[in-house]
Amino acid sequence: MSAAAAFELPGVADLVRTFRRVQTEIHKAIIGNERAVEELLIALFAGGHVLIEGVPGTGKTTLVKAMGHALNLSFNRIQFTVDLMPADITGTRVIVSGDDGRREFAFQPGPVFCHILLGDEINRATPKTQSALLEAMAELQVTVGGVTYPIRPPYFAMATLNPIEMEGTYPLPEAQLDRFMFKVSLDYPDESELTRIISTTTGAESDAIAPVFTGDEAAARIEALKRLVREVIVAPAVEQFVARLVRATQPSSAAFMGGRKGPVQNDAVDRYVAFGSSPRGAQALILGAKVVALLDGRANVSLDDVERIAPCALTHRIMLNYAAHSDGIEANHIIQGVIKSVRAARG
Amino acid sequence: MPSASQVRRGQVSRGDEKLGVILRRVVQVRTRLNRLALQQGLFESLSLIVGTGAIVLLAAFLLQPLKFLCVAIVLGAALMVGLVRAIRRSSRMRATLERAAIIADQRTGLKGRLTTVVSIAPNASGRGQLWPYLLEDTLSLRDEFAPAKVEPRRISRSIYGLLAYSLLAILVAGFALMERRAQIASKAAHADLELDVNNLDVRPLDPDLGTAVEISGDPSAMRKLDQKLARAGNAQGESDSALGRLMGRARDLAGDIQDKMTGHESGSRLRLRLTDSSGRNSGDDAADSPHTPPEGGEARSDRAGNNHAPGGSPPSQTAGNGSPGGAVPNPDQPAQDRAANNLSDEPQAQGEGDERGAGGSSHGSGSDPEHLFGQAEEPPLGSEGFEIMVEARPAERGPRSVQSYLPPRVRASLNPRQLPDQPIARSAVPDDDRAEVKRMFDR
């Protein structure tokens, strides 16, 4: 049984309303994949970045574009290729002529300077170029030529991955993967969704996505809602649950654990996991759960909220070993097992 | 118009009131949960005690002392472990305020609201901008976490276990009562025995069998009994191991406990009065005071009496050879019994002739050819009242289907119109039928 909230705080109601409206607008362009869209928006209001994985043609780029239009925020797209350079992302210093005819170096901002950034097929660029995004994603700033340039919030980076074309790609390093709050998978549409896609995208007219915010207020409103998310109360028991969950993703043999075993041990983790989640995983769990709680009209985080978020927050943070690949084990299975173990240990 | 600080103070006090209402309700939930935990511990403990007691009582009636002792020890240990576990389980079920909130959240679908309120409440700095919202939201759902909704039961389910065990105890108590009545009835059937101490034979017997005998007699008879038992005890002491003595003590202890539980202690004791017919004591100062023989003697005497049942003692036991054990009274057995016993008593008679010679009357009788022919002897006085307890069990029994069928008796009156039997007049048989009639008779 779920108890519905009988009392509404204006900020909470605003977040729920905004969230649903953006969701509706995005679904004008994206048919199906409701869960993926919701996770994308949760990451936006939680202040994180998202890695989108899906086979070609499932609407990865369309989704990100639709989101940019719905939020009415500045939007840039970078097509990652093998010859892309870091300066192509961050920007560079160029010689410009001044009004007085003098020539001087001036910083030309790259596409990273925007509110919503889409890095398409990020694994096609070299690690050096991929790393150009790190500072921007983590610290909302770019340093070029010894000068640091801040990025105006809200900043929301999304990168797409193509899981089937691996030739000529550079898998993202763990450090970069960890900076993405969620990894969202776009599933192949089923028959009815495919039919709707065909009918809505091949006709003479299609639904135009209406911006939810006006251009002036968009950034401020989104930032205010992100601050509200941070106000959601988390009980110590929930924090402890998250801490146990994240620790339980680490195999007991991990050298960096210093031989300190957590209270919850899972055989599957010991057998199939090379490295578990980092503390950033715990932060992602809590922040994502806070948004879920607000969407449910609650000012507190429950364990159910954490469990709802766990798959998308931890999947890309768990590095599986060769045994897992040979046995066909996926990170999602491991996470479900870990959740069950931690729940059982909690009693 | 109130100032901003007054408004804030008012909001804070209202918030505290709401918090108080929520916390009071959680306290009520906790009280209810703890009451159930206490009931569970109590009922489980009582169930264990009642159930174990019933089984031990049943074992006291059904088992032999050593087996009873083993069962009682095992059950006692199990009871201790069970009690500790029941108390631990009960104490683990005890709910703190936080635990009560967690349980209420889980059972009413409040999704962690109560847990959050209870855990954040003491820490004022942990309350954020959404704290009033959380309080208001939780308070609006107060009907959801009413104690009766969180825990509908007032009485723990473990009471069913207690009832079941109580039923078992009642059945066992009924059984025990019936057994006692049967013992009281059998006590009345036991007659006092009088026996010449010279005819007392000490032999080893199964110590688990039978009940004790209360022996009384004149001083000289008791002295002789003591001597016999001492001799038997010495002989036994040489052959007995420490383990055997320990077993004997354990057996005695178990027997005492069993007696106390079953009420056997005085109910079924035989009273054996010893006399000394050697003539040195005419009985004028015969003390009638009951005398308890040395340790083990009492039981042995009695067991001898019991095992005197047909087939009860093998020849090796009867031979005695100084081996300790029970005392066998056998002066006035029926002839066939005596004959059977004397077959095995012959070697013993040679070894203990000095003591047996005084009694004389029973020695050599039965199958001894010298006594088969000659003048009939007068049986000693007092032998008319001698009774031998015979404990008989069916040795073999055929299958039920083979058992003979006894038809019920039927009393039926004769038919008043029935004519007396008369020969049937010969009549002519048709030619066609003759062959058939002849064939019938031939068959």
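Above this text sits the structure in question.
Heads up: these notes are all about the structure in this document. (Residues numbered from 1 in each chain as written. Chains lettered and ligands numbered in written order. Predicted model: local features only at pLDDT ≥ 70, side-chain atom pairs only at ≥ 80, totals over all residues. Heavy atoms only, no water.)

1. Focus: the overall build of chain A
Stated formally: Secondary structure elements follow DSSP: runs of H or I of four or more residues count as helices, runs of E of two or more count as strands, with numbering from the N terminus. Note on classification: 1.4 Å probe, protein chains only; a residue is buried when its accessible area is under 20% of the maximum for its type, exposed when over 50%, partly exposed between these limits. Contact between two residues is taken to exist if any of their heavy atoms lie within 4.5 Å; hydrogens are not considered. Note that accessible areas follow from Shrake-Rupley with a 1.4 Å probe, and for residues the cover is restricted to the protein chains shown.
Along its length, chain A carries 14 helices and eleven strands. Here chain A, with 347 residues, has 51% of them falling under the buried criterion. In chain A, 76% of the contacts between residues at least 6 apart in sequence involve partners at least 24 apart. A total of about 16,100 Å² of accessible surface is found on chain A, and carbon and sulfur atoms cover 52% of it.

2. Examining the overall build of chain B
Within chain B one finds 16 helices and six strands. A total of 443 residues make up chain B; the buried ones form 34% of that total. Taken as a whole, chain B presents about 28,100 Å² of accessible surface, with 56% of it coming from carbon and sulfur.

3. Observations concerning the layout of surface pockets
Residues and elements named next belong to chain A. Applied cut-off: Only protein atoms enter the 1 Å grid, on which a cavity is a set of points fitting a 1.4 Å probe that cannot get out and a pocket is an open set with protein on both sides within 12 Å along at least 5 of 7 lines, lining residues being those with an atom within 4 Å of a point. Grid points are joined across faces, edges and corners, and a volume is the space filled by probe spheres set on the points. Three classes are used, and their members are as follows: Ala, Val, Leu, Ile, Met, Phe, Trp, Tyr, Cys and Pro are nonpolar, Asp, Glu, Lys and Arg are charged, and the others, Gly among them, are polar.
There is about 1,000 Å³ of room inside the second largest pocket. In terms of residue count, helix α2 (residues 34-46) provides more of the lining of the second largest pocket than any other element does, four residues in total. In terms of residue class, the lining of the second largest pocket is made up of 18 nonpolar, nine polar and ten charged.

4. Regarding the packing of α2(A) against helix α3 (residues 60-71) of chain A
Residue and element names in this part refer to chain A. Rules: Here an angle of 0 to 180 degrees is reported between the N-to-C directions of two axes, which are lines fitted to C-alpha atoms, with helices fitted over the stretch in contact. In this scheme, roughly parallel covers angles under 35 degrees and roughly antiparallel covers those over 145, while 65 to 115 is roughly perpendicular and the rest are oblique. Crossings are assigned a handedness: left-handed for a near helix turned anticlockwise from the far helix by less than a right angle, right-handed for a clockwise turn.
Where α2 contacts α3, the two axes come as close as 12 Å, and the packing angle between them is 50°. It follows from the interaxial angle that α2 and α3 lie oblique. With respect to the hand of their crossing, α2 and α3 are arranged in right-handed fashion. Across the interface between the two elements, V37, L40, L41 and L44 from α2 touch L63, M67 and L71 from α3. Here the residues of the contact of α2 with α3 are counted per class, giving seven nonpolar, no polar and no charged.

5. A look at the interface of chain B and chain A
Operational definition: Accessible-area loss on putting two parts together, using a 1.4 Å probe and summing over both, is the definition of buried area adopted here. Basic side-chain nitrogens of Lys or Arg form a salt bridge, by our definition, when they fall within 4 Å of a carboxyl oxygen of Asp or Glu.
Taken together, the contact between chain B and chain A spans 23 residues of the former and 29 residues of the latter. When the two sides are added together, the surface that chain B and chain A hide from each other amounts to roughly 2,100 Å², 65% of it contributed by carbon and sulfur. Area buried by chain B at its contact with chain A is led by B:K111, B:L130 and B:Y133, which between them contribute 38% of it. Taken together, the connections running from chain B to chain A amount to one salt bridge. With a shortest N-O distance of 3.4 Å, A:D296 and B:K111 are connected by a salt bridge.

6. Details of the pattern of salt bridges
Taken as a whole and judged by the stated rule, the model has 27 salt bridges over all chains. Salt-bridge contacts for A:R221 lead to A:D14; the nearest nitrogen and oxygen are separated by 3.1 Å. With A:R221 in helix α8 (residues 218-230) and A:D14 in helix α1 (residues 10-29), this residue pair connects regions lying 207 residues apart in the sequence. When its relative accessible area of 26% is taken as the criterion, A:R221 is described as partly exposed. Put simply, B:R439 and B:E436 hold a salt bridge, and the shortest N to O gap is 2.8 Å. Within this pair, B:R439 and its partner B:E436 are both found in helix α16 (residues 431-442), separated by three residues, close to a single helical turn. Taking relative accessible area as the criterion, B:R439 reaches 44% and is therefore assigned partly exposed. By relative accessible area, which is 40% here, B:E436 ends up partly exposed. Within the structure, one salt-bridge network assembled from shared partners comprises A:R20, A:R35, A:E38, A:E39 and A:R308.

7. Re the packing of helix α9 (residues 236-248) of chain A against helix α14 (residues 331-346) of chain A
Residue and element names in this part refer to chain A. It is at 9 Å that the axes of α9 and α14 come closest, and there the two elements cross at 135°. Judged by the angle between their axes, α9 and α14 are oblique. Considering the relative orientation of α9 and α14, their crossing is right-handed. Within the contact between the two elements, α9 uses A237, F241, R244, L245 and A248 and α14 uses V338, I339, V342, R343, A345 and R346. A per-class count over the contact of α9 with α14 returns eight nonpolar, no polar and three charged.

8. So, the environment of A:E193
With respect to the element layout, A:E193 can be found in helix α7 (residues 191-201). Residues within four places of A:E193 in sequence aside, it is in contact with A:I31, A:G32 and A:N33.

9. With respect to the nonpolar core
All names here are of chain A. The condition that has to hold: Take the buried Ala, Val, Leu, Ile, Met, Phe, Trp, Tyr and Cys residues and link them wherever side-chain atoms come within 4.5 Å; each set so joined is a nonpolar core.
Counting 107 residues, the largest nonpolar core has F182, L245 and L285 as its most contacted members. Per-element tally for this core: the top contributor is helix α11 (residues 279-295), with eleven residues. Setting aside anything within four residues of it in sequence, one finds F182 in contact with E39, I42, A43, H49, V50, L51, A284, G288, I309, C312, A313 and H316. If you look at the next biggest cluster of nonpolar residues, it comprises 27 residues, including A125, V144, L161 and F180.

10. Brief notes about the packing of aromatic side chains
Describing an aromatic ring pair means giving the distance of the ring centres and the angle of the ring planes. All names here are of chain A. Operational definition: Ring pairs shown here join Phe, Tyr and Trp side chains whose ring centres sit within 6.5 Å, with only the six-membered ring taken for Trp; geometry is labelled stacked below 30 degrees between planes, edge-to-face above 60, and tilted in between.
Enumeration according to the criterion identifies four aromatic pairs over all chains in this entry. On the basis of an interplanar angle of 40° and a centroid distance of 5.9 Å, the ring pair of F19 and F45 is categorised as tilted. Linking F19 in helix α1 with F45 in helix α2, this pair joins segments that are 26 residues apart in sequence. A relative accessible area of 0% places F19 in the buried class. Summarising the aromatic geometry, the rings of F107 and F113 are spaced 5.8 Å apart at their centres and angled 75° between planes, so their arrangement reads as edge-to-face.

11. Observations regarding the sheet that holds strand β2 (residues 75-79) of chain A
All names here are of chain A. Definition in use: Strands were regarded as paired on the criterion that DSSP finds at least two bridges between them.
The parallel open sheet is built from five strands, whose spatial order is β2-β5-β8-β1-β9. Only two strands of the sheet have a single neighbouring strand rather than two, namely β2 and β9 (182-185). Going from strand to strand, the sheet's axes swing by 20° on average, the running direction of each strand aside.

12. Section: a nonpolar patch on the surface
Counted only if it meets this: Patch members must show over 30% relative accessible area and no salt bridge, and they are joined within 9 Å when carrying like charges or within 5 Å when they are nonpolar side chains of Val, Leu, Ile, Met, Phe, Trp or Tyr.
A cluster of nonpolar side chains, contributed by B:I55, B:Y165 and B:L168, occupies part of the molecular surface with about 230 Å² of accessible area. In this fold, B:L168 is placed in helix α7 (residues 158-189).

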